[in-house]
Amino acid sequence: MITIRRATPDDASTVHDLIRALAEHQDQASAITVSTADLKRMLARPEITYVIAERDGRAIGYVSWLQRISFWSGEVYLALDDLYVTGAERGEGVGEQLMQAVAEAADGKLIRWEVAEANVAAQRFYARIGATLVAKKIGRWQPK
């Protein structure tokens, strides 16, 4: 049986392990610079939600999001940060359950996220659950 629950600051180590697993899956492990202490502080913030999927007490996936407000509509929306399911659990309905948790939290609000063009499997998953994918270029700038 799969349990879906909101992470607390006490889960910071588990959260760190899951984030690292996603980064390794995407060949981006070197990009992870957040510490467990950072995550503990972040998980205490009310606008940040991190939900863990567990099987037999073992973390097998997560979804995370932030509440944001659109200057165009004036409405609050959920900005999905990451969705990840461990390799052995993919195809077992865990991703759907995690996305259902987001949908319930959204309570009718828009849910918005980015997916890499190269991540075709994720795009197929999102299309299967009924999401609309819109092409967009993402700008990044880190002035010194």
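Here's a quick rundown of the structure. Note that the coordinates shown come from a computational prediction; the quantities given were computed from them, not determined experimentally.

1. A closer look at helix 4 (residues 120–128)
Phase 1 of the analysis: Listed as buried for helix 4 are Ala122, Phe125 and Tyr126. The buried residues of helix 4 all sit within an arc of 95 degrees when viewed along its axis, so they share a single face. Away from its buried face, by an angle of more than 90 degrees, helix 4 presents the exposed residues Arg124 and Arg128.
Phase 2 of the analysis: Looking at the buried positions of helix 4, the neighbouring elements they touch are strand 4 (76–85) and helix 3 (94–106).

2. With respect to the packing of helix 1 (residues 12–25) against helix 2 (residues 36–43)
Phase 1 of the analysis: Between helix 1 and helix 2, whose axes approach to 8 Å, the crossing angle comes to 110 degrees. Compared by their axis directions, helix 1 and helix 2 come out roughly perpendicular. In this structure, the crossing between helix 1 and helix 2 has a hand that is right-handed. Note on element contacts: helix 2 touches helix 1 through Thr36, Leu39, Lys40 and Leu43, opposite Ala12, Ser13, Val15, His16 and Ile19.

3. Description of the sheet that holds strand 4
Sheet strands line up and pair through hydrogen bonds in the backbone, either parallel or antiparallel.
Phase 1 of the analysis: One open sheet holds the five strands; their spatial order is 1-2-3-4-5, and the pairing between them is mixed. Of all the strands in the sheet, just strand 1 (2–6) and strand 5 (111–112) have a single pairing partner and so form its edges.
Phase 2 of the analysis: Strand contacts of helix 3: strand 1, strand 2 (48–55), strand 3 (58–69), strand 4 and strand 5, with the helix running at about 165 degrees to strand 4, the strand carrying the most contacts.

4. Thoughts on the side chain of Glu54
Phase 1 of the analysis: Here Glu54 lies in strand 2.
Phase 2 of the analysis: We classify Glu54 as buried; its relative accessible area is 14%.
Phase 3 of the analysis: Among the polar contacts listed, one links the side chain of Glu54 to the side chain of Arg5, at a separation of 3.1 Å.

5. Considering the pattern of salt bridges
Phase 1 of the analysis: Per the counting criterion, the structure on display carries eight salt bridges.
Phase 2 of the analysis: The salt bridge involving Asp11 is made with Arg5; its shortest N-O contact spans 2.8 Å.
Phase 3 of the analysis: Taking the relative accessible area as the measure of exposure, Asp11 reaches 10% and is therefore buried.
Phase 4 of the analysis: Judged by relative accessible area, which is 27%, Arg5 ranks as partly exposed.
Phase 5 of the analysis: Between Arg55 and Glu89 there is a salt bridge, and its shortest N-O distance comes to 2.8 Å. One end of the pair, Arg55, is in strand 2; the other, Glu89, is in the loop between strand 4 and helix 3, with 34 residues separating them in the sequence.

Thresholds applied
Residue numbers here run from 1 along each chain, matching the order of that chain's written sequence. Given that the model is predicted, a residue must reach a pLDDT of at least 70 before its local features are reported, and side-chain atom pairs must reach 80 or more before they are shown or counted; all residues, however, enter totals for whole chains, interfaces and linings. Excluded from the side-chain calculation are hydrogens and water; included are all heavy atoms of the structure. When a residue's accessible area, from a 1.4 Å probe over protein chains only, is under 20% of the maximum for its type it is buried; when over 50% it is exposed; and in between it is partly exposed. Numbering of helices and strands runs from the N terminus, with a helix taken as a DSSP run of H or I at least four residues long and a strand as a DSSP run of E at least two residues long. By construction, the arc corresponds to the directions joining the helix axis to the C-beta atoms. It only takes one pair of heavy atoms within 4.5 Å for two residues to be counted as in contact. Lines fitted to C-alpha atoms define the axes here, with helix axes fitted over just the stretch in contact, and angles between the N-to-C directions of these axes take values from 0 to 180 degrees. For classification, angles of less than 35 degrees are called roughly parallel, those exceeding 145 degrees roughly antiparallel, those between 65 and 115 degrees roughly perpendicular, and all remaining angles oblique. Handedness of a crossing follows from how the near helix is turned relative to the far one, being left-handed for an anticlockwise turn of less than a right angle and right-handed for a clockwise one. Paired strands, as defined in this entry, are two strands with at least two bridges between them according to DSSP. Any pair of N or O atoms that falls within 3.5 Å is considered a polar contact. Within protein, one atom must be able to donate a hydrogen and the other to accept it, and sequence-neighbouring residues count only if both atoms are side-chain atoms. The salt bridge definition used is simple: a Lys or Arg side-chain nitrogen within 4 Å of an Asp or Glu carboxyl oxygen.

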